[in-house]
Amino acid sequence: MLHKYPRVYRRINTKSNMYFSIAYQLLSANIDKLESLNLSDMLIIDDYSISLFKDYHIIIVFSTMAIESFVNDYLAVCFSDELYYDNFDKLNIMQKIEIMFSVIWEDTFDKSKSLYNFLHDLLKLRNTFVHSKSQKFDEKWLSKNSREIPIIDCTDGKSYEEAEVISSLNEIMGWIQNSYNAIRAFFLLCKAVDEHDENRHAVGLQLSCMASEDHFYINQMSEDANKKMKELESKINKLKKTLEIK
């Protein structure tokens, strides 16, 4: 290893843990709320959808902020603040992670692996939110973007109300799944760090909001974070099954 994260190191103004905590707690709260709703009432679903859509943007943006903040901190420590901020700070986040793999860890940032794919999808989605641009209404837009418009399917004997509920729930679960993928992108990055750098303890420290309050040891906190990620995925899959959403 050419540059190594020190075993003991203090740093001020670190915010990645806080950003992740905001994103995780919003997602967890929205999943819990969805599990408790009467999902046959379209008015209830509409109210939930409006609230979730706002939180969805926050989760995506803050998950990305957590990743960017964490990577900046990690590289600044390994290279020194002066070297890093003078030479590497203006690179995009994927380039910075490439440096972590190739220079710090002397490894390959495999683009076929889950970490790369989750990061790529998250950054693309974040950019559509952060750099959103309004446009003049044009009827041609409807035909060009018809795939993005929820389709109300009234086949198989469904009433319009039933079909509308199903369409809305599909859209909601899409936002939930994307939010989970954003959380998982940061989780996988922290796991990659821990696999390459025994001094960082990224999962336990960065995802500490997932740990029980009575856990103070890094190993216990890391175990809790792994369990919480599995629980989130299990809840989402259970909701999809219950709602018959693929």
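Quick note: structure is the one above.
Definitions and cut-offs
Residues numbered from 1 in each chain as written. Predicted model: local features only at pLDDT ≥ 70, side-chain atom pairs only at ≥ 80, totals over all residues. Heavy atoms only, no water. Helix = DSSP H or I, 4+ residues; strand = E, 2+ residues; numbered from the N terminus. Expected span 1.5 Å × (residues − 1). Buried < 20%, exposed > 50% of the residue type's maximum accessible area, 1.4 Å probe, protein only. Phe/Tyr/Trp six-rings, centres within 6.5 Å; stacked < 30°, edge-to-face > 60°. Core = buried A, V, L, I, M, F, W, Y, C linked by side-chain atoms within 4.5 Å. Contact = heavy atoms within 4.5 Å. Axes fitted to C-alpha atoms, helices over the stretch in contact; angles between N-to-C directions. Parallel < 35°, antiparallel > 145°, perpendicular 65-115°, else oblique. Left-handed = near helix turned anticlockwise from the far one by under 90°. Polar contact = N/O pair within 3.5 Å; in protein donor to acceptor, adjacent residues only side chain to side chain. Salt bridge = Lys/Arg side-chain N within 4 Å of Asp/Glu carboxyl O.

**Thoughts on helix α1 (residues 16–36)**
- Between the first and last C-alpha of α1 there are 31 Å, a value that for 21 residues agrees with the 30 Å anticipated at 1.5 Å per step.
- All of the buried residues in α1 are S16, Y19, F20, S21, A23, Y24, L27, S28, N30, I31 and L34.

**With respect to unusual backbone geometry**
- Even without being a glycine, S80 presents a positive backbone phi close to 95°.
- With respect to the helices and strands, the residue S80 is situated in the loop between α2 (42–79) and α3 (81–87).
- The backbone of E106 shows a phi angle near 55°, a positive value even though the residue is not glycine.
- For E106, the position within the fold is in the loop between α4 (93–104) and α5 (114–130).
- What makes E106 exposed here is its relative accessible area of 51%.

**Describing the packing of aromatic side chains**
- Under the definition given, this model contains 16 aromatic pairs.
- Arranged with centres 4.8 Å apart and planes meeting at 40°, the rings of F53 and W175 form a pair that is tilted. Of this pair, F53 sits in helix α2 while W175 sits in helix α7 (residues 160–196), and the two are 122 residues apart along the sequence.
- Through successive ring pairs, a cluster of aromatic residues spans F20, Y24, F70, Y74, F101, W105, F109, Y116 and F186.

**Points about the nonpolar core**
- By size, the foremost hydrophobic cluster in this structure holds 70 residues, and its most contacted members are I67, Y74, L75, I97, M100 and I176.
- Listed by contribution, the elements that provide at least two residues to this core are α1, α2, α4, α5, α7, α8 (202–206) and α9 (218–242).
- Here M100 is in contact with V71, Y74, L75, W105, L189 and V193, once residues within four sequence places are set aside.

**Brief notes about the packing of α2 against α4**
- Between α2 and α4, the least distance of the axes is 10 Å, while the angle of their chain directions is 40°. The angle between α2 and α4 falls in the class oblique. In the packing of α2 onto α4, the handedness of the crossing is left-handed. Side by side, α2 and α4 meet where I67, E68, V71, N72, Y74, L75, C78 and F79 of the first sit next to I93, K96, I97, I99, M100, V103 and I104 of the second.

**Considerations on the side chain of R126**
- On the secondary structure map, R126 appears in helix α5.
- Residue R126 is classed as buried on the basis of its relative accessible area, which comes to 15%.
- Within polar-contact distance, the side chain of R126 engages the side chain of N127 at 3.0 Å.
- Leave out the neighbours within four places in its chain, and R126 touches I60, V61, T64 and E68.

**So, the pattern of salt bridges**
- Applying the stated criterion across every chain yields a total of seven salt bridges.
- Taking the shortest distance from any N to any O, the salt bridge between D110 and K113 comes out at 3.9 Å.
- By relative accessible area, which is 49% here, K113 ends up partly exposed.
- When salt bridges with common partners are traced through the structure, they connect R11, D73 and D81 into a single cluster.

**Examining the environment of N178**
- Mapped onto the elements of the fold, N178 is located in helix α7.
- N178 gets classed as partly exposed once you look at its relative accessible area, which sits at 30%.
- Placed 53 residues apart in sequence, N178 and L125 show a C-alpha to C-alpha distance of 8.9 Å.
- Ignoring sequence-local partners within four residues, the contact set of N178 consists of Y56, I60 and L125.

**Structural notes on the environment of N226**
- The residue N226 is located in helix α9 in this model.
- Each C-alpha atom, one on N226 and one on G204, is 9.3 Å from the other, the two residues being 22 residues apart in sequence.
- Among all residues touching N226, those that are not within four sequence positions of it are F187, K191 and V203.

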